[in-house]
Amino acid sequence: MKGARKGVPARPARALLPAGLAVAVLAACGSQGALSQEVVDRARASGAAPDLIYAVELDGYRILEQSAGGVGDEGFGVLYAPEKGAGEPVELRVDRGSFDDDVCASTPVSGGDGRRAARCERDGDGWYRTDGVRQDYTVVRGDHYVRLAAAVGQVGREALRAAVTGARPAVGDGTPAPPPTVVPRGDLPTTGDGAPYNPVGPGS
């Protein structure tokens, strides 16, 4: 969901990951809260603005590093998977724009189908919303907002609030990602058009 002006519903954006793909990358978890420099670099290369790349600490959940990337024009998104047992990933989204009581009440809960009425509550420094199936908590940081969304009953409201209010910019560790390793092939000639050399003989 992109940021919205006051009183104007936010425009829905593409989902961070299809459900099947989210399950497929469950084995590619990173550390609990930190983002590696490689992930930060990849997110920036996919269009995420550097100041919108955040990370959270959520007890019992680990980052799905392969899910991190740009969302919309310059937003950022990443999924967190349960460390033990089954459960849906929790989604962190950061978008440029404003968020207020009007926007809270007029937009669907993140990940919901939009068919259920959402309850919106101002809660401390942020907003809590739920449609009975999904829930999210949003806080504003300057010219952007940070949101954490989860299934109702999977993450407690207070845990969701603590995680998103404690969200911090993820700047990586400063170590550039290593370049891909080039594996030399022994069947390429040093002259000619570079076609593989496949000699023909007995047993070939």
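In the block above lies the structure referred to throughout.
Residues numbered from 1 in each chain as written. Predicted model: local features only at pLDDT ≥ 70, side-chain atom pairs only at ≥ 80, totals over all residues. Heavy atoms only, no water.

Topic: the overall build of the chain
Of the regular secondary structure elements, the chain holds four helices and nine strands. What you see in the chain, going N to C, is helices and strands ordered as α-α-β-β-β-β-α-β-β-β-β-α-β. Looking at the 204 residues of the chain, the share that counts as buried comes to 39%. Surface accessibility of the chain: about 10900 Å² in total, with carbon and sulfur atoms responsible for 54%. (Helix = DSSP H or I, 4+ residues; strand = E, 2+ residues; numbered from the N terminus. Buried < 20%, exposed > 50% of the residue type's maximum accessible area, 1.4 Å probe, protein only. Areas by Shrake-Rupley, 256 points an atom, 1.4 Å probe, with all protein chains shown as cover.)

Some remarks on the sheet that holds strand E5 (residues 119-123)
Taking strand neighbours across the sheet as the criterion, the seven strands line up as E2-E3-E4-E8-E7-E6-E5 in an open arrangement whose pairing is antiparallel. Edge positions in the sheet fall to strand E2 (61-71) and E5, since each has one partner strand and no second. Going from strand to strand, the sheet's axes swing by 20 degrees on average, the running direction of each strand aside. For E5 and strand E6 (residues 126-130), the ladder comprises five bridges, and the chain directions are antiparallel. Bridging across to E6, Arg119 finds its partner in Thr130. Where helix H2 (residues 37-45) meets the sheet, its contacts fall on E2 and strand E3 (75-82), and the angle it forms with E2 comes to roughly 25 degrees. (Pairing = 2+ DSSP bridges. Axes fitted to C-alpha atoms, helices over the stretch in contact; angles between N-to-C directions. Contact = heavy atoms within 4.5 Å.)

What to know about the pattern of salt bridges
With the rule as written, the count across this model stands at 16 salt bridges. The partner of Glu74 in a salt bridge is Arg96, with the nearest N and O atoms 3.0 Å apart. With Glu74 in the loop between E2 and E3 and Arg96 in strand E4 (residues 90-96), this pair connects stretches of sequence that are 22 residues apart. Its relative accessible area of 26% is what places Glu74 among the partly exposed residues. Look at Arg96 and you get partly exposed, because its relative accessible area is 21%. Its salt-bridge partner being Arg93, residue Asp95 comes within 2.9 Å of it at the nearest N-O pair. Of the residues examined, Asp95 reaches a relative accessible area of 2% and is grouped as buried. Classification of Arg93 by relative accessible area gives buried; the value is 8%. One connected set of salt bridges, linked through shared partners, spans Arg119, Glu121, Asp123, Arg157 and Arg161. (Salt bridge = Lys/Arg side-chain N within 4 Å of Asp/Glu carboxyl O.)

With respect to the environment of Tyr145
Looking at the element boundaries, Tyr145 is found in strand E8 (residues 144-151). Sequence spacing of Tyr145 and Asp95 is 50 residues, and the spatial spacing of their C-alpha atoms is 5.7 Å.

Observations concerning helix H4 (residues 157-165)
Those residues of H4 lying buried are Leu160, Ala163 and Val164. In an axial view of H4, the angular spread of the buried residues amounts to 90 degrees, which keeps them on one side of the axis. Taken together, the buried residues of H4 touch E6, strand E7 (134-141) and E8. (Arc of directions from axis to C-beta.)

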